[in-house]
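Spelled out, the chains give:
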Amino acid sequence: MARAPQPGDKEARKANKRGAARLAAVQALYQMDMAGTGLNDILAEFESHWLGREVEGAQYLPAEAAFFRDIVSGVVREQRALDPLIDEALQSGWPLKRIEAVLRAALRAGCYELKDRRDVPARVVISEYADVASAFVERDETGMVNAVLDLIARKLRADEFTPG
């Protein structure tokens, strides 16, 4: 049985950097949504001013920059395919456009990873984006992110949820 990564292990550092990349990606997608910032501008801004630096007294963890770029670029590129998947998983009467912008960003990023990053286990994606959402919203809304991504994962990656 494999042991869980311990602090200081290479895998733990990689996971931590990916978690930081996910958090930064959600923040970048939120900023793009709210301020209309373009993709190249947002990537440049986050890579030069945010990732792994102290901003306004808060220390941002070092993030895996390539993973950050992939998530943000992937969401932008695939948004027309992602949004219908998210809408379908949301409660009827609550289309994605009615969801708070930061939750929209988390759902889109999580959905992108579920759809296009098969190298990351679905349960990891769901858990990570529920954690990211908890940095910004109340517990109920974190549960909604978890539930929506779980529904999407079971549709896109049913093989990961069937007992085998």
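Before going into details, it helps to say that this report is about the structure given with it. Because the structure is a prediction, the values reported are computed rather than measured. (Residues numbered from 1 in each chain as written. Predicted model: local features only at pLDDT ≥ 70, side-chain atom pairs only at ≥ 80, totals over all residues. Heavy atoms only, no water.)

Some remarks on the packing of helix α4 (residues 101–116) against helix α5 (residues 122–134)
Relative placement of two packed helices is described by the angle separating their axes and the distance separating the axes. Between α4 and α5, the least distance of the axes is 10 Å, while the angle of their chain directions is 165°. Taken as axis vectors, α4 and α5 run roughly antiparallel relative to one another. Our pair here, α4 against α5, has a crossing hand that is right-handed. Residues Leu103, Ala106, Ala109, Gly110, Glu113 and Leu114 of α4 form the contact with α5, whose participating residues are Ala122, Val125, Tyr129 and Ala133. Considered class by class, the residues forming the contact of α4 with α5 number eight nonpolar, one polar and one charged. (Axes fitted to C-alpha atoms, helices over the stretch in contact; angles between N-to-C directions. Helix = DSSP H or I, 4+ residues; strand = E, 2+ residues; numbered from the N terminus. Parallel < 35°, antiparallel > 145°, perpendicular 65-115°, else oblique. Left-handed = near helix turned anticlockwise from the far one by under 90°. Contact = heavy atoms within 4.5 Å. Nonpolar A, V, L, I, M, F, W, Y, C, P; charged D, E, K, R; others polar.)

Regarding helix α6 (residues 139–156)
For α6, which comprises 18 residues, the first-to-last C-alpha distance of 26 Å matches the rise-based estimate of 26 Å (1.5 Å per residue) to within 8%. Among all positions of α6, only Thr142, Val145, Val148, Leu149, Ile152 and Ala153 are buried. For α6, the buried positions fall inside an angular range of 135° around the axis, keeping them on one side. Turned more than 90 degrees away from the buried face of α6, the exposed residues are Arg139 and Asp140. (Expected span 1.5 Å × (residues − 1). Buried < 20%, exposed > 50% of the residue type's maximum accessible area, 1.4 Å probe, protein only. Arc of directions from axis to C-beta.)

Structural notes on the environment of Lys155
Considering the arrangement of structural elements, one finds Lys155 in helix α6. In this structure the C-alpha to C-alpha distance between Lys155 and Leu114, which are 41 residues apart in sequence, comes to 9.9 Å. If we ignore the near neighbours within four places in the chain, the residues touching Lys155 are Leu85 and Glu88. Of the polar contacts made by the side chain of Lys155, one reaches the side chain of Glu88; its length is 2.8 Å. (Polar contact = N/O pair within 3.5 Å; in protein donor to acceptor, adjacent residues only side chain to side chain.)

Focus on helix α3 (residues 65–89)
Counted at 1.5 Å a residue, the expected span for α3 with its 25 residues is 36 Å, but the 30 Å between its end C-alpha atoms falls short. At Gln79, α3 shows its largest bend, some 80°. Every buried residue belonging to α3 is among Phe67, Phe68, Ile71, Val72, Gly74, Val75, Leu82, Asp83, Leu85, Ile86 and Ala89, and all of these are buried. (Bend = angle between axes of the 7 residues up to and from the residue.)

Brief notes about the environment of Val75
Locating Val75 in the fold gives a position in helix α3. Separated by 37 residues in sequence, Val75 and Tyr112 have C-alpha atoms that sit 5.9 Å apart. Not counting residues within four places of it along the chain, the set of residues in contact with Val75 comprises Leu29, Leu82, Arg108, Ala109 and Tyr112.

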